[in-house]
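Working through the structure, step by step
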Amino acid sequence: MTSAQQRKIKQTGCDARFDNLTRQLYATDASIYQIEPIGVAFPKSAQQASLVIRAAADAGLSVTPRGAGTSLVGNAIGEGLIIDFSRYNRQISDLDLEKRSVRVGAGVVLDQLNDFLRPHGFCFGPDVATSSRATLGGMIANNSSGARCPIYGTTADHVRSLEIVMADGRVKKIGETHASLRTERAKIEELVRAAKSEMAERWPPGLIKRWPGYGIERFQRAPSDLTNILAGSEGTLAAIFSAELKISPLPHEKGLGLIFFASVGEAMQATVELLDLKPAAIEHIDRPLLDQTKGQLHFQAARDLLELDTKPCEAILIVEFYDFGGARTRPRFESGDMSPHSKSSVAEKLSILQSKKIGLRKKILTDAAQMNLAWSVRKSGLSLLTGRVGPAKPVAFIEDAAVRPAQLPEYVRGLQSIMDPLGLEASYYGHAASGLLHVRPVLDLHSASDLKKFRQVADQTSALVRQFKGSLSAEHGVGIARTEYMRDQLGDELLEVLREIKRTFDPKNIFNPGKIFELGSALRADRTAQRAVPTKIDNHLRENFTRPLELLFRPVLAFALKDRSFIGNLEQCNGCGGCLKQTGIMCPTFIATGEEVMSTRGRANIIRAALAGRCGVRGHVRAFESGDMSPHSKDPLKSEELDAALSNCLSCKGCTPECPSNVNLALLKAEMLHARWRRDGLPVRERIFSNVDMLGRISCAMPALANPILEFKPLRGLIETALGISAKRSLPHYARERFDKWFAKNCSGGPRAPKGAHPPTPELGYGVTGRGPIQKKRGHVILWDDTFVRYHEPHIGIAAVRVLEALGFEVALVKNRRCCGRPAFSVGNLDAAAKLGKHNVSQLSTLNSQLSAAPILFLEPSCWSMFVEDYRELKIENAEEVAKRCFLFEKFVDDLLAHEPDALQFDNRPATIAIHPHCHAKSIVDPAFMGQLAERLPGRKAKVLDTACCGMAGAFGALAEKYDLSVQVGQRLLDAIDDQPRGTEIIASGTSCRHQITDLTNLHPKHMAELLAEAIV
Ligand SMILES: Cc1cc2nc3c(=O)[nH]c(=O)nc-3n(C[C@H](O)[C@H](O)[C@H](O)COP(=O)(O)OP(=O)(O)OC[C@H]3O[C@@H](n4cnc5c(N)ncnc54)[C@H](O)[C@@H]3O)c2cc1C
Ligand code: SF4
Ligand code: SF4
């Protein structure tokens, strides 16, 4: 693209980016496809969108509207200009409860809308599984729907009117009440009328999720309403800027019937019979999916509830019933009205279901928690499957085909007859009530033989679906994945109707070319494309499939949690967009900024791009091991793009548990940095950060000198210039007496008796906290005196000793312990981290017999996670054995008090306590126990805050260039604290978190050890 063209687009005033970083970030969606765009624009108003679309068209660029990019078929990517509507258009307005309508910007996310509607007793009906990030614009353009389709229908059923931007830049409102685009409407009406009998012949009734490209069948029923054509048009006709939507009441009551079957066929057969009960949903899960939950702690409760271990089955139907209250009304999606529907209550329907002679056994659930547990298995279905280890993955390409529910048994047999001869594994789960099964054959798209099978399955499935007069696409769209089969599915006559509609709206094929219609002579190919690549299912595949990613360096980490390889874990990112959500612990930098590059997906995409040579500039690149210079290649370890992606990752580990495929950015980042430092040498700043323990040792020898220096402004200015450590950031002061020195003074050689006391018996010792004799009834515990407790916050260590002694433990420190290695690990100095780890593990493995089995307790979660996770990742011998003895201090105490509530006596004092758990703790354990522990103190009400990383993240928040981002990330924590009642005591388990809170507020949070120690009576 020429700079003049770029200038023209930028002159519209719209935020538009053409840099390589942005182009790589938007080259993929959640599909297996990849197309690099020319640039991305982020319009703030319909006017801006109009100007930018016109400018793009004038420049000969195609335009692909985009929301969250969670589409599975490759329709959210394109060669021209991507128009991202998710960034700014997030306004919700004009809620009218009488009319049951609301207005949304195209970028409003479904969860955001439902959070807004819930207090009013309403919701937006169609429930996509990607509700945490899918935009209403994307949902309308994809005519998305979910499990409750039998009562809520699809998104198109809920659109009252649309504000659209057309190919020539006109902004129009369309819908039943808008008289605009009369000529277009009349033309389409005529086309559709002429195709009536062909539609009737090809599309027999009974399929609620039929997706015919454009909604001509729907339009035929309501020809005054052009939204029927726009909804489901996949951004190929116009861009949607805002929408007036119908809203639905929330159900008053719900109930779930689970039916267990001996075969998928029987479950399919039963579905037909159950439809008479008018359920809200019938969802099917089969054994391959259920087997993925085996041995997973997270799913054990659901397995127990479903009795899967004791009473195995081949398939389950989850049948859900809704009751909409006394009037026995419910939303009727065809009209969006509320109309009397069924006289039976949820209880009556469940009782009818119970009495039916189907399945091996049944289970009725009405308790909300149990129903959620059962749903959790179904909802995690896709994630459970896609997180599969190894290069072969369940691939989305025939996953969206639907037939009439009565045909399901025969259809499944047909699919099996396609898979079996090819030796392919597949799971058949999904929306049985709508006749839609998400079948994803397991294929290794890196291999030529599986690529061949990929085509064979696609061709044969298209033929099978046609035979059933079904729909190859039902809720995910046509996109690249199914455009090739549109002629086959629709026939020439109907395809020509669609083509005419496309010409009517977009005569120059500006909008999303190559989707729904193959690129070819009939429609002008995008002028920006060097050569128009025909839309085929096996063209435009993600580059890593066609040219496997090559690692030119030797990774050192084990990726022990999953995958056991760097590339394996990197390729787990399928683009599903789970990391674009606004809740939980993944991904704090995206939550703070809304920028794609600040998401886990963005980072994984950029690492892939860098390894594939799509980042940086060509030049001389030093070879990895030999140090030789190799000309002309792009440096996979060093580029602006890679820096933007990796340097802002907090290594908070939020993605590891929350990404459905367990992409572990903290490890991927550490490995990339390590490879770079090994080749280019470790920079001074990273060297200093790796040695904070040594700094502590030196500075604690002369705190009177060290502490004033930390606050000496001119020197801080110099440090900022030389090392990039922000002068705005306070640095932690050094303690006058180190914790280990205090401990040695008070207890070295065993507990000492206070003056005048009787010498202790073997059972009775004296506590180091000087409160008199203690019962040493529980043996030894080792307290890990981490760098921060030792040199900066000894009072926390002292508090912990006090609690442990009061419990009856004899506390020991590890004499020759070194830093756990976390600071070195975070900056990619993995050699140093491994060295420290080896030393520590060896120290702990060779302790005397009294201590060799003693629990090792951690006050700092980031050190604990080093021992329980990262030492294994560093392949340190005996790390697993030592990890079994490592506990978070709070968890250890809470477990003990759960068994022996009277083991400690606390004062009774009414207080509210808010707890911010460290992200490393949250990534490994459910932090709810921290609230439980605080509430063991009589009178206290505790709340575990819904927060993610505090933004300080070790040294991250101290870096001058990261200070602003650190504060931005911390805002969520500050807001959560602000929301607490006045006088709430704040507890934060991580030293960085306490530092961040103190720096940004007037508060001084405590460690849980302090809270407990102060309350002991
Ligand atoms: C794990 C997973 C689970 C899923 N589950 C479901 C499910 O339960 N039900 C379901 O229906 N789908 C599901 N999907 C598919 C996808 O999430 C939905 O289609 C979703 O509604 C897409 O929204 P989006 O904002 O991500 O749109 P995008 O992916 O960004 O775009 C989708 C299409 O809409 C077009 N588009 C986007 N915004 C606009 C606009 N403003 N104007 C015009 N065109 C626009 C794009 O060009 C593209 O063609 C799932 C996907 C994944 C990865
Ligand atoms: S990082 Fe995980 S959650 Fe995010 S897009 Fe990739 S697979 Fe999905
Ligand atoms: S480690 Fe944290 S900041 Fe980095 S990608 Fe994962 S969730 Fe985001």
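Remember, predicted model here, so these are calculated numbers, not experimental data.

1. Points about the site of ligand 1
- Taken together, 35 residues lie near ligand 1, and Pro65, Gly67, Thr70, Thr130 and Ser145 sit nearest.
- Ala68 places a polar main-chain atom, nitrogen or oxygen, 2.9 Å from an oxygen atom of ligand 1.
- Ser144 is positioned such that a nitrogen or oxygen atom in its side chain is 2.8 Å from an oxygen atom of ligand 1.
- For ligand 1, the accessible surface in isolation is 960 Å², of which the surrounding protein chains cover 96%.
- Class assignment of the residues belonging to the shell around ligand 1 gives a composition of 17 nonpolar, 15 polar and 3 charged.

2. Quick look at the environment of Val944
- Secondary-structure assignment places Val944 in strand β31 (residues 940-944).
- Contact partners of Val944, with chain neighbours within four places excluded, come to Ile915, Pro917, Pro927, Ala928 and Gly931.

3. A short note on the nonpolar core
- In terms of nonpolar packing, the biggest core is built from 124 residues, with Phe566, Ile607, Leu783, Phe867 and Leu874 touching the most fellow members.
- For this core, the element with the highest residue contribution is helix α34 (residues 794-807), accounting for 7 residues.
- For Phe867, the contacting residues outside a window of four places in its chain are Trp784, Cys820, Asn840, Leu844, Phe858, Ala879, Val882, Ala883 and Cys886.
- By size, the runner-up hydrophobic cluster in this structure holds 56 residues, among which are Ala267, Ile398, Leu424 and Leu472.

4. A closer look at the sheet that holds strand β4 (residues 81-84)
- Pairing is mixed across the open sheet formed by 4 strands, whose spatial order is β1-β2-β4-β3. Edge positions in the sheet fall to β1 (15-17) and β3 (63-66), since each has one partner strand and no second. Averaged over all neighbouring strand pairs, the angle between strand axes comes to 20 degrees, with direction disregarded.
- Across 3 bridges, the pairing between strand β2 (residues 39-42) and β4 is parallel. Bridge pairing links Gly39 to Leu81 in β4.
- Lying over the sheet, helix α3 (residues 46-58) contacts β2, β3 and β4, oriented at roughly 175 degrees with respect to β4.

5. Comments concerning the side chain of Thr656
- Mapped onto the elements of the fold, Thr656 is located in helix α26 (residues 655-658).
- Ignoring sequence-local partners within four residues, the contact set of Thr656 consists of Leu561, Asn662, Val663 and Asn664.

6. Overview of the pairing of strand β13 (residues 281-286)
- Across the 6 residues of β13, 6 count as buried, placing the element largely inside the fold.
- Here β13 shows a buried face lined by Ala281, Glu283 and Ile285 and a second buried face lined by Ile282, His284 and Asp286.
- Looking at chain direction, β13 and strand β19 (residues 428-431) are connected through 2 bridges and run antiparallel. Within β19, the position partnered with His284 by the bridge is Gly430.

7. Some words on the sheet that holds strand β27 (residues 810-812)
- One open sheet accounts for 4 strands, arranged β27-β26-β28-β29; its pairing is parallel. Looking at strand neighbours, the two that pair on one side only are β27 and β29 (886-888), the edges of this open sheet. Each strand of the sheet is rotated relative to its neighbour by a mean of 35 degrees, with strand direction disregarded.
- Where strand β26 (residues 780-784) meets strand β28 (residues 856-858), 3 bridges bridge the pair, whose relative direction is parallel. Considered in β28, the bridge of Ile782 is made with Ile856.

8. Observations regarding the side chain of Ser989
- Relative to the helices and strands, Ser989 resides in the loop between β32 (985-988) and α43 (991-1000).
- Residue Ser989 is classed as buried on the basis of its relative accessible area, which comes to 2%.
- At 3.3 Å, the side chain of Ser989 and the backbone nitrogen of His918 are in polar contact.
- Beyond its immediate chain neighbours, meaning those up to four positions away, Ser989 contacts Leu859, Glu860, Pro861, Glu890, His916, Pro917, His918, Met930, Arg994 and His1007.

9. Brief notes about the pairing of strand β14 (residues 315-323)
- With 9 of its 9 residues buried, β14 lies for the most part within the structure.
- A two-sided burial pattern is seen for β14, the buried positions comprising Ala315, Leu317, Val319, Phe321 and Asp323 on one face and Ile316, Ile318, Glu320 and Tyr322 on the other.
- Where strand β12 (residues 253-261) and β14 come together, 9 bridges link them in antiparallel fashion. Each residue of the ladder has a partner; that of Glu253, found in β14, is Asp323.
- When β13 meets β14, the two strands line up antiparallel, connected through 6 bridges.

10. Here's the deal with the packing of helix α36 (residues 830-845) against helix α37 (residues 861-873)
- Closest axis-to-axis distance for the α36/α37 pair is 11 Å, and the angle between their directions is 120 degrees. Judged by the sense of rotation from one axis to the other, the crossing of α36 with α37 is left-handed. Along its contact with α36, which presents Ala833, Leu836, Gly837, Asn840, Val841 and Leu844, the element α37 presents Met866, Phe867 and Tyr871.
- A breakdown of the residues in the contact of α36 with α37 according to their chemical character gives 7 nonpolar, 2 polar and no charged.

11. Focus: the confidence of the model for the protein chain
- When pLDDT is averaged along the protein chain, the result is 92; 93% of the residues meet or exceed 70.
- Note on residues 334-340: pLDDT under 50 across the span, and 15 contacts to partners over four residues away in sequence or across chains.
- In this model residues 749-754 is a low-confidence stretch, pLDDT under 50, and it forms 8 contacts with partners more than four residues away in sequence or in other chains.

12. Considerations on the pattern of salt bridges
- Across all of its chains, the model carries 70 salt bridges by this definition.
- Between Glu595 and Arg17 there is a salt bridge, and its shortest N-O distance comes to 2.9 Å. Linking Glu595 in the loop between α23 (588-593) and α24 (600-611) with Arg17 in strand β1, this pair joins segments that are 578 residues apart in sequence.
- Salt-bridge contacts for Glu36 lead to Arg23; the nearest nitrogen and oxygen are separated by 3.6 Å. In this pair, Glu36 sits in the loop between α2 (20-25) and β2 while Arg23 sits in helix α2, placing the two residues 13 residues apart along the sequence.
- Judged by its relative accessible area of 34%, Glu36 falls in the partly exposed class.

13. Let's talk about a nonpolar patch on the surface
- Taken together, the side chains of Met694, Ile698, Met702, Leu705 and Ile709 define a hydrophobic patch exposed on the protein surface, amounting to about 430 Å² of accessible area.
- Structurally, Ile698 can be placed in helix α29 (residues 692-701).

14. Describing the environment of Ile398
- Relative to the assigned elements, Ile398 resides in the loop between β18 (393-394) and α17 (408-422).
- Assessed through its relative accessible area of 3%, Ile398 is described here as buried.
- Residues Ile398 and Met702, 304 residues apart in the sequence, show an inter-C-alpha distance of 69 Å.
- Residues contacting Ile398, with those up to four places away along its chain left out, are Leu415, Met419, Val439, Pro441, Val457, Ala458, Thr461 and Arg482.

15. Some points on unusual backbone geometry
- With an omega of -5 degrees, the peptide bond between Met586 and Cys587 qualifies as cis.
- In this fold, Cys587 is placed in the loop between α22 (566-570) and α23.
- Of note, Arg100 is a non-glycine position whose phi angle comes to about 55 degrees, a positive value.
- By the secondary structure assignment, Arg100 is in the loop between β5 (92-96) and β6 (101-105).
- A relative accessible area of 27% places Arg100 in the partly exposed class.
- One non-glycine residue, Asn878, adopts positive backbone phi at about 70 degrees.
- Looking at the element boundaries, Asn878 is found in the loop between α37 and α38 (879-883).

16. Observations regarding the packing of aromatic side chains
- Under the counting rule described, the total for this entry stands at 18 aromatic pairs.
- Seen in terms of ring centroids, Phe85 and Phe241 are 6.3 Å apart; in terms of plane orientation they differ by 75 degrees. Their pairing is edge-to-face. With Phe85 in the loop between β4 and β5 and Phe241 in strand β10 (residues 239-246), this residue pair connects regions lying 156 residues apart in the sequence.
- Judged by its relative accessible area of 4%, Phe85 is buried.
- Between the aromatic rings of Phe858 and Phe867, the centroid separation amounts to 4.8 Å while the plane-to-plane angle is 50 degrees, which identifies the pairing as tilted. Summarising the burial analysis for this pair, Phe858 and Phe867 share the class buried.
- Feature note: the residues Trp784, Phe858, Phe867 and Tyr871 constitute an aromatic cluster, connected by ring pairs.

Conventions adopted
Residues numbered from 1 in each chain as written. Chains lettered and ligands numbered in written order. Predicted model: local features only at pLDDT ≥ 70, side-chain atom pairs only at ≥ 80, totals over all residues. Heavy atoms only, no water. Near = heavy atom within 4 Å. Polar contact = N/O pair within 3.5 Å; in protein donor to acceptor, adjacent residues only side chain to side chain. Areas by Shrake-Rupley, 256 points an atom, 1.4 Å probe, with all protein chains shown as cover. Nonpolar A, V, L, I, M, F, W, Y, C, P; charged D, E, K, R; others polar. Helix = DSSP H or I, 4+ residues; strand = E, 2+ residues; numbered from the N terminus. Contact = heavy atoms within 4.5 Å. Core = buried A, V, L, I, M, F, W, Y, C linked by side-chain atoms within 4.5 Å. Buried < 20%, exposed > 50% of the residue type's maximum accessible area, 1.4 Å probe, protein only. Pairing = 2+ DSSP bridges. Axes fitted to C-alpha atoms, helices over the stretch in contact; angles between N-to-C directions. Left-handed = near helix turned anticlockwise from the far one by under 90°. pLDDT = per-residue confidence, 0-100. Salt bridge = Lys/Arg side-chain N within 4 Å of Asp/Glu carboxyl O. Patch = residues over 30% accessible without salt bridge, like charges linked within 9 Å, V, L, I, M, F, W, Y side chains within 5 Å. Phe/Tyr/Trp six-rings, centres within 6.5 Å; stacked < 30°, edge-to-face > 60°.

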